[in-house]
Amino acid sequence: MTVSLQPLSRENVRAVCELRLAEDQRHLVAPAAFTVAEGNYEPGAVLRAIHLDDLPVGVLLVEVETGTPHLVRFMVDADHQGRGIGGRAVELMVDELRAAGWESLETSVVPVAGGAEGFWRRCGFQSTDRT
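Criteria and cut-off values
Starting afresh in each chain, residues are numbered from 1 along the sequence in its written order. Where totals are concerned, whole chains, interfaces and linings use all residues; where local detail is concerned, this predicted model gives features only for residues with pLDDT of at least 70, and gives and counts side-chain atom pairs only at 80 or more. Think of the side-chain values as coming from all heavy atoms in the structure, minus any hydrogens and water. Secondary structure elements are taken from DSSP: a helix is a run of H or I of four residues or more, a strand is a run of E of two residues or more, and numbering for both begins at the N terminus. The reference for a compact globule is 2.2 Å times residues^0.38; the radius of gyration itself is calculated from the C-alpha atoms. Partly exposed describes any residue whose relative accessible area lies between the buried limit of under 20% and the exposed limit of over 50%, with all areas from a 1.4 Å probe on protein chains only and scaled to the type maximum. Where accessible areas are quoted, they stem from the Shrake-Rupley method and a 1.4 Å probe; at the residue level, only the protein chains shown are allowed to cover. Positive residues here are Lys and Arg, negative ones are Asp and Glu, while His and the chain termini are left out of the count. Where a charge lies is defined by one atom per residue type, namely NZ (Lys), CZ (Arg), CG (Asp) and CD (Glu). Pairing between two strands requires that DSSP report at least two bridges joining them. Contact definition: two residues touch when any of their heavy atoms are within 4.5 Å. Here the axes come from fitting lines to C-alpha atoms, over the contacting stretch only for helices, and the angles between their N-to-C directions go from 0 to 180 degrees. Salt bridges are identified by distance alone: a Lys or Arg side-chain nitrogen within 4 Å of an Asp or Glu carboxyl oxygen.

A closer look at the overall build of the protein
Each helix and strand in the protein was counted, giving four helices and five strands. Put simply, the protein runs from its N terminus to its C terminus through helices and strands in the order β-α-α-β-β-β-α-β-α. Taking 14 Å as the expected radius of gyration for a compact globule of 131 residues, we find that the protein reaches 14 Å, a close match to that expectation. Expressed along its principal axes, the backbone C-alpha trace of the protein runs to roughly 40 × 35 × 30 Å. Counting only residues that meet the buried cut, the protein has 35% of its 131 residues in that class. When the accessible surface of the protein is summed, it comes to about 8,000 Å², and 49% of that surface belongs to carbon and sulfur atoms. The centroid of the 12 positive side-chain charges in the protein is displaced by 3 Å from the centroid of its 19 negative side-chain charges.

Written out as structure tokens, the structure is:
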């Protein structure tokens, strides 16, 4: 099984918009359809579908207008979590940004019990202590 990042297209946009979060994550991340819509109106944004082979299983949005790329939206469908897909997608995005000349990537996390802080640390992110 191969994880890849693909541009949003006529062929995958409906499947991406239909991705769903786990019930306990819905208050932490906007629905995939919001990400698709917002990504199309952000100047210079990097909007990608996360594919597992040919199947869209997630979406991410990086905004670059502030001078440092900021991963503002990231989600993997509830049925595909816990399989290493998200971590691989982050690696691929970091590689893509490096190839475009960027040297760092920021994101934010909601600090809640059972949240994503551990995931981001495993991906190599470090706390800036900004809130």
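Some details on the sheet that holds strand 2 (residues 46-52)
Read across the sheet, five strands follow the order 1-2-3-4-5 without closing on themselves; strand pairing throughout is mixed. Here the strands that pair on one side only, and so sit at the sheet edges, are strand 1 (3-7) and strand 5 (106-107). Looking at chain direction, strand 2 and strand 3 (residues 55-63) are connected through seven bridges and run antiparallel. Along strand 3, the bridge assignment pairs Ile50 with Gly58. With respect to the sheet, helix 3 (residues 85-99) is in contact with strand 1, strand 2, strand 3 and strand 4 (70-76), its orientation differing from that of strand 1 by roughly 55°.

Structural notes on the pattern of salt bridges
Scanning all chains against the criterion turns up five salt bridges. One salt bridge connects Arg26 with Glu23, and the closest N-O pair in it is separated by 2.6 Å. Given a relative accessible area of 59%, Glu23 falls into the exposed group. Between Glu38 and Arg73 there is a salt bridge, and its shortest N-O distance comes to 2.8 Å. In this pair, Glu38 is assigned in helix 2 (residues 32-39) and Arg73 in strand 4, connecting sequence segments 35 residues apart. For Glu38, a relative accessible area of 33% gives the class partly exposed.

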